[in-house]
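Chain and residue survey
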Amino acid sequence: MFAVLPESAGLRIRLSLSPASLTSIHHHPRVSRLRRAIVCEAQETTTDIPVVNDSTWDSLVLKADGPVLVDFWAPWCGPCKMIDPLVNDLAQQYTGKIKFYKLNTDESPSTPSKYGVRSIPTIMIFVNGEKKDTIIGAVPKTTLTSSIDKFLQ
């Protein structure tokens with residue numbers, strides 16, 4: 001049995017009866033002991049956001065016209081999966097105003113290292129090849145929009 005936490009997308013509480021409670025149910029039907037565990041169920045996501053890697057970094061990010069947002073992520077990262085739908089929504093919302101790219105830190109480790117990425121998800125905004133802002137962690141959509149809006153003319 002699961003209880004859904006609506007305020008925490010992707011998280012459910014698993015409720016299960018322990019073996020001890022099963023025997024006590026037979027003897028004392030009103031007594032039951034529930035075991036609780038938090039389960040992360042962030043799903044694999046698909047995205048239309050282009051991928052940047054170590055070899056395409058200079059041409060796609062540093063030499064880009066206008067602002068560029070880069071989402072540093074990894075496939076095993078739960079918070080990355082949780083923030084992914086927000087980044088996808090923003091990419092659609094800001095189409096034509098800012099370029100969005102995703103960089104898999106497992107497949108392209110030298111670029112995150114060069115920019116001091118120590119935890120993921122990390123989102124960086126570049127303007128004219130210069131890093132202007134960094135957002136670390138799974139933050140609310142409003143945090144991302146306010147950061148993006150600072151760099152739009």
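Residues numbered from 1 in each chain as written. Predicted model: local features only at pLDDT ≥ 70, side-chain atom pairs only at ≥ 80, totals over all residues. Heavy atoms only, no water.

1. Some points on the packing of aromatic side chains
- By the definition in use, this model includes four aromatic pairs.
- Ring geometry for Trp57 against Tyr115: centres 5.4 Å apart, planes inclined by 50°, an arrangement best described as tilted. Placement of the pair is Trp57 in helix H2 (residues 57-62) and Tyr115 in the loop between helix H4 (110-114) and strand S6 (122-127), with a sequence separation of 58 residues. Across this residue pair, the class does not change: Trp57 and Tyr115 are buried. (Phe/Tyr/Trp six-rings, centres within 6.5 Å; stacked < 30°, edge-to-face > 60°. Helix = DSSP H or I, 4+ residues; strand = E, 2+ residues; numbered from the N terminus. Buried < 20%, exposed > 50% of the residue type's maximum accessible area, 1.4 Å probe, protein only.)

2. Topic: the pairing of strand S7 (residues 130-136)
- Where S6 and S7 come together, six bridges link them in antiparallel fashion. When the sheet's bridge partners are listed, Met124 is paired in S7 with Thr134.
- Hairpin geometry of S6 and S7 is characterised by an intervening segment of two residues between the two adjacent antiparallel strands and by a positive phi of about 55° at Asn128. (Pairing = 2+ DSSP bridges.)

3. Some thoughts on the state of the cysteines
- Taken as a whole and assessed by the stated rule, the structure comprises one disulfide.
- Each sulfur of the disulfide joining Cys77 and Cys80 lies 2.4 Å from the other. Taking the sign of the S-S torsion, about 80° here, the bridge from Cys77 to Cys80 comes out right-handed.
- Judged by relative accessible area, which is 4%, Cys77 ranks as buried. (Disulfide = S-S within 2.5 Å.)

4. Here we look at helix H3 (residues 78-93)
- Taking 1.5 Å as the rise per residue, H3 with 16 residues should run 22 Å; its terminal C-alpha atoms sit 24 Å apart, in good agreement.
- Bending of H3 peaks at approximately 35° at the position of Asp84, with proline Pro85 no more than four residues after it.
- On the buried face of H3, the contacting elements are strand S4 (67-73), strand S5 (99-104), S6 and helix H5 (141-149). (Expected span 1.5 Å × (residues − 1). Bend = angle between axes of the 7 residues up to and from the residue. Contact = heavy atoms within 4.5 Å.)

5. A look at the confidence of the model for the protein
- Model confidence for the protein is summarised by a mean pLDDT of 81, while 69% of its residues fall at 70 or above.
- In this model, residues 1-25 is a region of pLDDT below 50 whose contacts with residues beyond four sequence positions or in other chains number 49 contacts.
- Confidence drops under pLDDT 50 across residues 34-45; counting only partners more than four residues distant or on other chains, this segment forms 32 contacts. (pLDDT = per-residue confidence, 0-100.)

6. Things to note about the pattern of salt bridges
- Enumeration over the complete set of coordinates arrives at five salt bridges.
- Here Asp71 and Lys102 are joined by a salt bridge, their closest N and O atoms 2.6 Å apart. Here Lys102 lies in strand S5 and Asp71 lies in strand S4, a separation of 31 residues in the sequence.
- Residue Asp71 is classed as buried on the basis of its relative accessible area of 0%.
- Classification of Lys102 as buried rests on a relative accessible area of 6%.
- Between Lys102 and Asp84 there is a salt bridge; the shortest N-O distance is 2.8 Å. Here Asp84 lies in helix H3 and Lys102 lies in strand S5, a separation of 18 residues in the sequence. Each member of the pair, Lys102 as well as Asp84, carries the same accessibility label: buried.
- One salt-bridge network, in which partners are shared between bridges, spans Asp71, Asp84 and Lys102. (Salt bridge = Lys/Arg side-chain N within 4 Å of Asp/Glu carboxyl O.)

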